[in-house]
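Below, each chain spelled out in residue letters.
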Number of protein chains: 2
Amino acid sequence: MSKIAIDIMGGDHAPYEIIKGCIMALDKCSSTLILVGDSNIINEELTKYAFDKDRIEVTHASDIITMEDSFNAVRTKKDSSMSIGLKLVHNDFAKGIISAGNSGALVAGATSIVGRLKGVKRPVIAPLLPTKTGYSLLVDGGANVDATAEYLHQFAKIASVYMKECLNVQNPKVGLVNIGTEVEKGNQLSKEAFKLLSADDTINFYGNIEAREIPSGNVDIIVCDAFVGNVILKFMEGFGNWVFSMVKTEFTRSLKTKIAGLLMKDGITNIKNKFYYNDKGGAPLLGLRGLVVKIHGNSKSTEVTGAIIQVEGFIENNLIEKISTKFN
Amino acid sequence: MSKIAIDIMGGDHAPYEIIKGCIMALDKCSSTLILVGDSNIINEELTKYAFDKDRIEVTHASDIITMEDSFNAVRTKKDSSMSIGLKLVHNDFAKGIISAGNSGALVAGATSIVGRLKGVKRPVIAPLLPTKTGYSLLVDGGANVDATAEYLHQFAKIASVYMKECLNVQNPKVGLVNIGTEVEKGNQLSKEAFKLLSADDTINFYGNIEAREIPSGNVDIIVCDAFVGNVILKFMEGFGNWVFSMVKTEFTRSLKTKIAGLLMKDGITNIKNKFYYNDKGGAPLLGLRGLVVKIHGNSKSTEVTGAIIQVEGFIENNLIEKISTKFN
């Protein structure tokens with residue numbers, strides 16, 4: 001059976017919630033899990049749980065990469081849980097690694113330690129965005145802030161494989177984020193990317209999409225550089241939180257509105273569930289020789305479990321091999 | 001008294017709603033208005049209203065720039081209402097022009113016909129964004145998709161004058177949109193812009209802001225290139241509309257939720273008013289030798305009236321002269 005490494009020391013709720021998520025995952029998957037981090041802490045925490053000892057391994061790491069560390073922390077902190085976990089993937093001791101830690105360090109570290117697939121210029125982070133009709137994949141969600149048109153074209157190819165093989169979307173539609181839908185619109189990057197995407201028959205290119213169209217779900221894959229991707233992801237988070245806080249304020253304004261709040265309890269939950277989903281796993285870093293999944297810094301056990309199941313699915317689907325064939 | 005030109009033929013509700021907005025403005029301002037467009041249509045429409053004839057002039061324009069026209073339409077359609085309106089400003093027959101027409105054409109046309117202030121590299125579109133605490137000014141909201149750090153620095157200077165002189169914000173705080181708050185974060189453009197903004201003592205630079213912080217209102221001025229600005233504006237529009245449509249769906253799901261909807265009517269209106277404001281005027285195009293204000297393509301009479309009052313305020317505040325002194 002394949003093995004999956006988990007960075008136990010990364011994230012706001014490390015190490016305890018991360019460990020809990022690993023234990024919870026054992027019932028839902030068949031992989032062996034390699035818990036990477038301070039072995040004293042991990043082994044002591046593991047005594048609190050009853051589980052199949054053959055399916056949990058512990059690999060000691062004496063150092064931790066924090067959120068304040070720079071993107072090249074994997075180089076300077078070679079004994080960190082993230083660095084050691086990435087090396088396990090590089091050496092094929094593990095098929096994949098999951099981390100809730102420092103994103104910049106994970107991208108840079110994964111690129112240098114796990115390595116890119118032949119022909120792939122840059123790996124890409126691919127989170128899901130909620131939409132009216134389900135979810136769309138955002139590439140790039142955070143890996144390359146200074147992108148070229150060639151990178152964006154490759155992201156579209158990689159994401160198309162991913163959506164088909166792992167999320168069962170046949171012939172996924174690719175939209176390029178732009179300031180207008182017309183062909184000639186855009187900045188230099190989007191104009192060049194439009195040309196490359198239009199010319200590629202192997203992807204289902206829908207054309208430009210304006211940011212107002214993103215929530216419609218009209219496309220399955222949303223292509224942009226990581227600066228714009230970051231703005232979309234974080235603005236959605238900040239704006240969504242604000243709208244919900246306004247709704248809360250209005251519902252608690254008077255006895256009348258409090259009654260309305262009670263009557264609308266299920267409805268509010270329905271809307272919240274659309275945005276605060278935690279069972280979809282994390283955002284894979286695609287284009288590498290191994291599986292690397294970033295989960296949100298504030299992930300709790302449920303997110304960890306979701307990501308482990310997700311990585312097991314990637315392994316079963318031979319995701320990396322299938323992406324690789326597109327670049328040969 | 002000063003004169004203000006209005007492009008009667010631009011926008012979804014042209015010409016009738018634009019004309020109506022002009023007439024409505026007469027009671028609320030003291031300027032003379034120059035209505036630019038098809039004089040047959042305008043004069044016939046004017047017969048429906050009672051108004052002070054000394055304060056309305058009509059300048060004939062035989063052509064119209066449509067939304068489908070390219071950004072250089074002002075050059076190819078010299079007899080369009082937009083081109084003629086801009087020439088009125090250039091020749092000082094009018095102090096400013098308001099248009100609901102093609103944004104790209106307006107920016108390019110205003111730059112070439114009205115002209116930039118000495119020392120200003122590029123004009124900038126400056127719309128207001130709703131926030132928790134009020135409104136923040138977004139620069140650039142749509143003029144320059146391929147910006148340099150020097151442009152962004154100038155936008156911050158121009159916006160600081162505007163916020164102080166026209167919106168009464170003393171010592172306005174300037175935030176640079178970035179992927180992280182730390183100094184070293186960003187793409188090449190944002191890193192260079194950070195250096196220029198930090199080094200300028202004449203502006204109140206707050207530092208980097210992530211997109212999630214934009215709705216907080218922590219800064220008065222939000223600086224980014226027009227590609228990112230467009231993504232923020234349009235994503236807010238699309239995402240906001242989606243959230244409201246979900247709220248509507250939940251409120252109409254059953255008798256119980258319909259009752260909740262009735263009890264919450266004022267609350268929903270409060271939230272909607274935060275986003276669907278139409279009395280704040282339009283987005284000025286700043287850095288030019290004359291006043292140019294873009295109003296939304298779907299503007300009705302209320303928006304037109306708001307923009308006329310706004311431009312009169314700019315004239316009273318000597319906005320252009322005050323911006324100009326920052327570049328001498």
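Given the structure is predicted, the values throughout are model-derived calculations rather than measurements.

J.: Before we go on, may I ask you to explain the confidence of the model for chain A in this structure?
T.: Considering every residue of chain A, the mean pLDDT works out to 94; 99% of them sit at 70 or more. This complex was scored by the predictor with a pTM of 0.94 and an ipTM of 0.93.

J.: Can you help me understand the pattern of salt bridges in this one?
T.: Pairs may arise between side chains of opposite charge once their charged atoms sit close together. Residues and elements named next belong to chain B. Enumeration according to the criterion identifies 21 salt bridges over all chains in this entry. Lys48 is the partner of Glu45 in a salt bridge, and the nearest nitrogen-oxygen pair spans 2.9 Å. Residue Glu45 is classed as buried on the basis of its relative accessible area, which comes to 6%. Residue classification places Lys48 among the exposed positions, given a relative accessible area of 61%.

J.: What exactly am I supposed to notice about unusual backbone geometry here?
T.: A negative phi angle characterises most non-glycine residues, just as the trans form characterises most peptide bonds. With omega at -5°, the peptide bond leading from A:Ala14 into A:Pro15 counts as cis. Within the secondary structure, A:Pro15 is located in the loop between strand 1 (3–7) and helix 1 (16–26). Here the residue pair A:Val139 and A:Asp140 is connected by a cis peptide bond, since its omega of 20° sits within 30 degrees of zero. Among the structural elements, A:Asp140 can be located in the loop between strand 7 (134–139) and helix 6 (149–167). A positive phi is found at A:Asn171, a non-glycine position, where the angle reads about 50°. Structurally, the position occupied by A:Asn171 is in the loop between helix 6 and strand 8 (173–177). Non-glycine residue B:Asn318 carries a positive phi angle of around 50°.

J.: I would appreciate a short explanation of the packing of helix 1 of chain A against helix 2 (residues 39–46) of chain A in the present structure.
T.: The axes of two packed helices give the description: the angle between them and the distance between them. Residues and elements named next belong to chain A. Their axes nearest at 11 Å, the elements helix 1 and helix 2 cross at an angle of 50°. Considering the angle they form, helix 1 stands oblique to helix 2. By crossing handedness, the relation of helix 1 to helix 2 is classed as right-handed. Taking contact as the criterion, the partners of Tyr16, Ile19 and Ile23 in helix 1 are, on helix 2, Ile41, Ile42, Glu45 and Leu46.

Cut-off values and rules
- Residues numbered from 1 in each chain as written.
- Chains lettered and ligands numbered in written order.
- Predicted model: local features only at pLDDT ≥ 70, side-chain atom pairs only at ≥ 80, totals over all residues.
- Heavy atoms only, no water.
- pLDDT = per-residue confidence, 0-100.
- Salt bridge = Lys/Arg side-chain N within 4 Å of Asp/Glu carboxyl O.
- Buried < 20%, exposed > 50% of the residue type's maximum accessible area, 1.4 Å probe, protein only.
- Helix = DSSP H or I, 4+ residues; strand = E, 2+ residues; numbered from the N terminus.
- Axes fitted to C-alpha atoms, helices over the stretch in contact; angles between N-to-C directions.
- Parallel < 35°, antiparallel > 145°, perpendicular 65-115°, else oblique.
- Left-handed = near helix turned anticlockwise from the far one by under 90°.
- Contact = heavy atoms within 4.5 Å.

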